[in-house]
Amino acid sequence: MTVLNEAPVSSSSAAARHTRLLILGSGPAGLAAALYAARAELAPVVLSGTELGGQVSLTYTIENYPGFPDGVGGAELGNLFQKQAERFGAQVEFDSAYRVDLSKRPFNLVTDNGEIQTDALIIATGASPILLNIPGEKELTGKGISYCATCDGWFFKDKKVVVVGGGDTALEEGLFLTRYASSVTVIHRRDSLRAGVVLQKRALEHPKMKFIWNTVATEIVGREKVEAVRTKNVQTGEESLLPIDGVFVFIGHTPNTKMFEGQIEMENAYIKVDNRMKTSVAGVFAAGEAADPHFRQVITSAGMGAAAAIEATHFLEHETA
Ligand SMILES: Cc1cc2nc3c(=O)[nH]c(=O)nc-3n(C[C@H](O)[C@H](O)[C@H](O)COP(=O)(O)OP(=O)(O)OC[C@H]3O[C@@H](n4cnc5c(N)ncnc54)[C@H](O)[C@@H]3O)c2cc1C
């Protein structure tokens, strides 16, 4: 998802339409917020962004969202979230915001389809895993390539997997994968890990974990599913082909928050919220992965979205009381 980082728009235009509550993002956080706000009769408008349903729509099955004992398709869950919110009057529009002015209310947003002014705003723009950007990655995502061990580890029972990365997340997720996989091979571009010492010790001593140092993945090979990963030693230039069932990529995560830079408090690009999802700007709330570097799950994101909508409702009621 590309968001432009431009200066705030200076003033609101007379042509801009007005909403009481605008929600940015149609992932679990945005649609849960929309459901709660719609049931509070705020008739929220949701801008879906380019990824309708959010990151869940990238995954084949979700098996850890309560209420679906047999699991549910990622795209199907997104659809159900949307249907439920729309049933109570939420309006989901296929549109993206690319500029925002939070300096005064109503807040002003410029979107692909025009300009919107809103009394309150919920930012649920999520985050995107940093991709390897190598051949085969796009084609085999969801077919053996994953960016979430908690989500997809179970599918690799007794299989051989590769983890790309060398930081805390790579090792934590790699250790998690040892519950299922027969072997977890960490491919790291340096000769030492960046992760914390305790985590390193656990990973290095784990009988199922192996390490390939000074090496990068250059291609993921497979027809219908991942079959091998091509690697290159960055010191010797030597290339190898490693037969494998799955590739987990943990080279970082970027919250989609660039357009809010300088207008709202952030920490490492994540929007700072208190335990009521309030940001540093009154009337602006944030939920889900845009504000959560830690849990990154459908259920936690949806929970934050619900909380943000409840607080936005209080905010709007209070100011019109
Ligand atoms: C492959 C994969 C598998 C996963 N599997 C699981 C699983 O099994 N279980 C689980 O709990 N979690 C899973 N996750 C994690 C889960 O999908 C995320 O935690 C969750 O989707 C985060 O929800 P969110 O609403 O915060 O953000 P996202 O889902 O990232 O949604 C962000 C939304 O914001 C929109 N947006 C972005 N920028 C703008 C803009 N400028 N204007 C308007 N809209 C914008 C996007 O289009 C998108 O709709 C998985 C993630 C991936 C990538």
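Structure's up top.
Notes on the structure follow. These numbers come from a predicted model, not from an experiment.

## A few points about the site of the ligand
Alright, step 1. Near the ligand lie 34 residues; those nearest to it are E51, Q55, C151, E289 and V298.
Alright, step 2. A distance of 2.5 Å is found between an oxygen atom of the ligand and a side-chain nitrogen or oxygen belonging to E289.
Alright, step 3. Q297 has a polar side-chain atom sitting 2.9 Å from an oxygen atom of the ligand.
Alright, step 4. Computed on the free molecule, the ligand has an accessible area of 1,000 Å², of which 98% lies beneath the protein chains in the complex.
Alright, step 5. Mapped by element, the contributors of at least two residues to the shell around the ligand are helix 1 (28-39) and helix 7 (298-320).
Alright, step 6. Classifying every residue of the shell around the ligand by side-chain character gives 14 nonpolar, 16 polar and four charged.

## Brief notes about the pattern of salt bridges
Alright, step 1. Considering all chains together, one arrives at nine salt bridges under this definition.
Alright, step 2. Where E93 meets R17, a salt bridge forms, and the shortest distance between an N and an O atom there is 2.6 Å. Residue E93 is located in strand 5 (residues 91-93), and its partner R17 is located in strand 1 (residues 17-24); the two are separated by 76 residues in the primary sequence.
Alright, step 3. Classification of E93 as buried rests on a relative accessible area of 16%.
Alright, step 4. The exposure class assigned to R17 is partly exposed, which follows from its relative accessible area of 35%.

## Quick look at the packing of aromatic side chains
Alright, step 1. Under the definition given, this model contains eight aromatic pairs.
Alright, step 2. Pairing W154 with F155 gives two aromatic rings, centres 5.9 Å apart and planes at 90 degrees, and the pair type is edge-to-face.
Alright, step 3. Arranged with centres 5.7 Å apart and planes meeting at 65 degrees, the rings of F176 and Y180 form a pair that is edge-to-face. Accessibility classification places F176 together with Y180 in one group, the buried group.
Alright, step 4. By way of ring pairs, the aromatic residues Y65, F68 and F81 are connected into one cluster.
Alright, step 5. A cation sits over an aromatic face here: R39 above F88, 4.8 Å from the ring centre.

## Describing helix 6 (residues 197-205)
Alright, step 1. Among the residues making up helix 6, those that are buried are L199, Q200 and A203. Around the axis of helix 6, the buried residues are gathered within 100 degrees of arc, so they sit on the same side. Away from its buried face by more than 90 degrees, helix 6 exposes V197, V198, R202 and E205.
Alright, step 2. In this structure, the buried residues of helix 6 make contact with helix 5 (168-177) and strand 13 (209-212).

Criteria and cut-off values
Residues numbered from 1 in each chain as written. Predicted model: local features only at pLDDT ≥ 70, side-chain atom pairs only at ≥ 80, totals over all residues. Heavy atoms only, no water. Near = heavy atom within 4 Å. Polar contact = N/O pair within 3.5 Å; in protein donor to acceptor, adjacent residues only side chain to side chain. Areas by Shrake-Rupley, 256 points an atom, 1.4 Å probe, with all protein chains shown as cover. Helix = DSSP H or I, 4+ residues; strand = E, 2+ residues; numbered from the N terminus. Nonpolar A, V, L, I, M, F, W, Y, C, P; charged D, E, K, R; others polar. Salt bridge = Lys/Arg side-chain N within 4 Å of Asp/Glu carboxyl O. Buried < 20%, exposed > 50% of the residue type's maximum accessible area, 1.4 Å probe, protein only. Phe/Tyr/Trp six-rings, centres within 6.5 Å; stacked < 30°, edge-to-face > 60°. Lys NZ or Arg CZ within 6 Å of the ring centre and 35° of its normal. Arc of directions from axis to C-beta. Contact = heavy atoms within 4.5 Å.

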